[in-house]
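Below, each chain spelled out in residue letters.
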Amino acid sequence: MNRILIVAEHDGARVNPAIAKCVTCARAIPDAEVTLAVFAADPATVAASAAAIAGVDRVVTVTHAAHANPLAAAIAPQLAELAAGYSHVFGPSTTFGKDLMPRVAALLDSAQVSDLMAVESATRFRRPIYASNAIVTVESSAGAKVVATVRIASFEAAGVSVAPAPIEAAVVSAAPDTHTRFVSVSSARSDRPDLQTAAKVVSGGRALASAENFGILFKLADKMGAAVGASRAAVDAGYAANDMQVGQTGKIIAPQLYLAFGISGAIQHLTGIKDARTIVAVNKDPEAPIFEVADIGLVGDLFQVVPEIERLLDRPG
Amino acid sequence: MKRILVPIKRVVDYNVRIRVKPDGSGVITDGVKMSINPFDEIALEEALRIKEKGLADEVLAVSIGPADCQQQLRTALAMGADRAILVQTDAVVEPLDVARMLRTICDRESIFLAILGKQAIDDDCSQTGQMLAALWGRPQATFASKVEIDGAVARVTREVDAGLETLEIDLPAVITTDLRLNEPRYVKLPDIMKAKKKPLDTVDTASLGVTPVERLKAVKFDPPPQRTKGIMVKDAQELVDALRRKGLA
Ligand SMILES: Cc1cc2nc3c(=O)[nH]c(=O)nc-3n(C[C@H](O)[C@H](O)[C@H](O)COP(=O)(O)OP(=O)(O)OC[C@H]3O[C@@H](n4cnc5c(N)ncnc54)[C@H](O)[C@@H]3O)c2cc1C
Ligand SMILES: Nc1ncnc2c1ncn2[C@@H]1O[C@H](COP(=O)(O)O)[C@@H](O)[C@H]1O
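Residues numbered from 1 in each chain as written. Chains lettered and ligands numbered in written order. Predicted model: local features only at pLDDT ≥ 70, side-chain atom pairs only at ≥ 80, totals over all residues. Heavy atoms only, no water.

With respect to the overall build of chain A
Within chain A, the secondary structure is distributed over eight helices and 16 strands. For 317 residues, the compact-globule estimate of 2.2 N^0.38 gives 20 Å, and chain A sits close to it at 21 Å. Considered along the principal axes of its C-alpha atoms, chain A spans approximately 60 × 40 × 40 Å. For chain A, with 317 residues in total, the buried portion stands at 58%. Here chain A carries 26 positive and 30 negative side-chain charges, and the mean point of each set is 1 Å from the other. (Helix = DSSP H or I, 4+ residues; strand = E, 2+ residues; numbered from the N terminus. Rg over C-alpha atoms; globule rule 2.2 N^0.38 Å. Buried < 20%, exposed > 50% of the residue type's maximum accessible area, 1.4 Å probe, protein only. Lys, Arg positive; Asp, Glu negative; His and termini not counted. Charge placed at Lys NZ, Arg CZ, Asp CG, Glu CD.)

A few points about the site of ligand 1
Every one of the 28 residues lining ligand 1 counts as a neighbour, but R206, S231, T249, S264 and N283 of chain A are closest to it. Mapping the residues near ligand 1 onto chains gives chains A and B. Measuring from a nitrogen atom of ligand 1, one finds a side-chain N or O atom of D301 of chain A at 2.9 Å. Within the backbone of L302 of chain A, one N or O atom sits 2.9 Å away from a nitrogen atom of ligand 1. Protein burial of ligand 1: of its 990 Å² of free accessible surface, 85% is covered by the chains. (Near = heavy atom within 4 Å. Polar contact = N/O pair within 3.5 Å; in protein donor to acceptor, adjacent residues only side chain to side chain. Areas by Shrake-Rupley, 256 points an atom, 1.4 Å probe, with all protein chains shown as cover.)

Topic: the interface of chain A and chain B
On the chain B side, the residues contacting the 88 residues of chain A number 77 residues. Carbon and sulfur atoms make up 54% of the surface buried where chain A meets chain B, a total of about 6,900 Å² over both sides. On inspection of chain A and its partner chain B, the count reaches eight salt bridges. Top element by residues in the side of chain A that touches chain B is helix α4 (residues 95-107) of chain A. It accounts for eight residues. When the residues that make up the side of chain A that touches chain B are grouped by side-chain class, the tally is 41 nonpolar, 25 polar and 22 charged. The pairing of strand β8 (residues 134-140) of chain A with strand β12 (residues 216-222) of chain B spans six bridges and is antiparallel. Residue pairing across strands places S140 of chain A opposite L216 of chain B, the latter belonging to β12 of chain B. (Contact = heavy atoms within 4.5 Å. Buried area = accessible area lost by both parts, 1.4 Å probe. Salt bridge = Lys/Arg side-chain N within 4 Å of Asp/Glu carboxyl O. Nonpolar A, V, L, I, M, F, W, Y, C, P; charged D, E, K, R; others polar. Pairing = 2+ DSSP bridges.)

Side note on the domain arrangement of chain A
Residues and elements named next belong to chain A. When the domains of chain A are assigned, the result is domain 1 (2-169) and domain 2 (200-314). The distance between the C-alpha centroids of domain 1 and domain 2 comes to 31 Å. Contacts between the two partners involve five residues from domain 1, matched on the other side by eight residues from domain 2. Around 640 Å² of area is buried between domain 1 and domain 2 when both sides are counted, 44% of it from carbon and sulfur atoms. If you sort the residues of domain 1 by the area they bury against domain 2, A131, R151 and A153 come out on top, with a joint share of 62%. At the boundary of domain 1 and domain 2, one finds one salt bridge. (Domains from an automatic or database assignment.)

A short note on the site of ligand 2
Residues and elements named next belong to chain B. Looking at ligand 2, there are 18 residues lining it, with D40, I64, A120, S126 and T128 nearest. Side-chain polar atom of D123 to an oxygen atom of ligand 2: 2.9 Å apart, as the coordinates give it. Q127 places a polar main-chain atom, nitrogen or oxygen, 2.9 Å from an oxygen atom of ligand 2. Protein contacts shield 98% of the accessible area of ligand 2, which totals 480 Å² for the unbound molecule.

Here is the structure:
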């Protein structure tokens, strides 16, 4: 039997949607038993949402005041302790998981499989390297604990369970480290769909030329029920918030529809959208590399095309 | 002596189009332009700025890899690092072993701050800084977009999925850099000449007490699946029609 422990990232109320994708990944391992671990100051509601994910056999909770804000330094020693008796320890490839899991791996003296995208066996996995320009198959040595972050764009979310999994309080002796203190978090919270899980994403590049101009993309996105993304150039120039960056070093997303306006299509950007079902590109330059990956391409000026699309969407086809 | 450690990885330049070898044994790196990992340049720039503010005395650049890494270390010295160490090996060194070697260096050189890249753009692992912090038993502030040193504490703003998070960490500590932390300086010709005289020591992995182990064996390399060729439309009307046919609008 393969016993898989997944750290259940959450926002204090619910588990992150990425966790249902990690569960699908874990279920792809033969003969798997899946446990979710919730670290929280008050885990009850989060644990209930974790227990409702189909394919979860058990939820364990670790309660500590230090977990009111999730910090890798506080969670890592406790997760490493919980990992005894498990063959695999997984976390999502979110900034939370990327921060935490290598710290856990080192405490366990294990290597880590980053951005696990496909399971071939309990010890053999595929992962992208070189900004997804190559895929490597890696094999971990027999008997070694497998620590991994799961590339969430590669897996469908597990459904909702009819019979919730049992929830147990875990006892751990490792104390959270106190050399790291949470100060604050600021997010441009909006009512728009979350970029990482949205079915549709409208995205803009350097061509938008100002933060005000980005407003036309927000308008279109609101009409379509889409999230808004951006290229690095647009974020660096201050036209869009940093958490909107899509790409190798931003968010890797897999929406049904990705609309790229005034984005050239640098490899680092394309890495982030390779798993999108349909890519639409609008660019002035017919030679722009984005057209090589676009399912639907239009050579044109975005400042004309965007308002036109918006207008046409109002008219039934 | 307040010393900052900046690990420098030699990687295929980010502009190179990567190709997988036909036999699937790796990617083609022969004759390809090599550079400092871009995130490590940002790390070095940050270390230099901290030193220039009088908050550190020395910046030590370390690279682990083949003899050719000397080129990237020379560039680091030209940018302004004071000293460099090459841990020379032709073995594949995984992040855990890189971290173990850096850990030894942190102790020997009494490092008060280690600044690493958030990820190497070849293996895209994003592991080494966090592993070093764990082995060292020290704080980590990953994906930093702002760093302020105040005595024995650093205040670091991090780029996280939700937005920006600020942490306060006790030094010594590990910081990993995100893209927007700073813009690295250009190297000037006189600095390249000066850098030739700066100390660059070469040591082997055994002297750091680590024998690199391949814990994750790379079985084969494949090119990524190609997307099928799409269609070009001539105007917004055709675009919206095409979306409607796919049920997307
Ligand atoms: C280590 C590293 C990591 C990186 N990570 C990322 C990442 O995660 N994500 C990312 O996006 N980038 C990343 N980059 C940057 C990447 O290499 C590109 O520089 C960036 O993606 C370019 O952004 P852009 O397409 O908006 O700008 P540009 O390349 O400048 O393209 C602008 C495009 O807009 C078009 N255009 C101009 N005006 C109009 C108009 N009126 N109508 C229509 N089209 C118009 C132009 O033809 C052009 O194609 C990274 C780079 C490095 C070195
Ligand atoms: N061989 C190496 N030599 C020097 N620094 C390295 C090496 N490997 C990794 N690093 C450092 O660790 C960071 C993250 O690398 P990685 O965990 O491989 O993505 C890099 O940006 C470097 O700062």
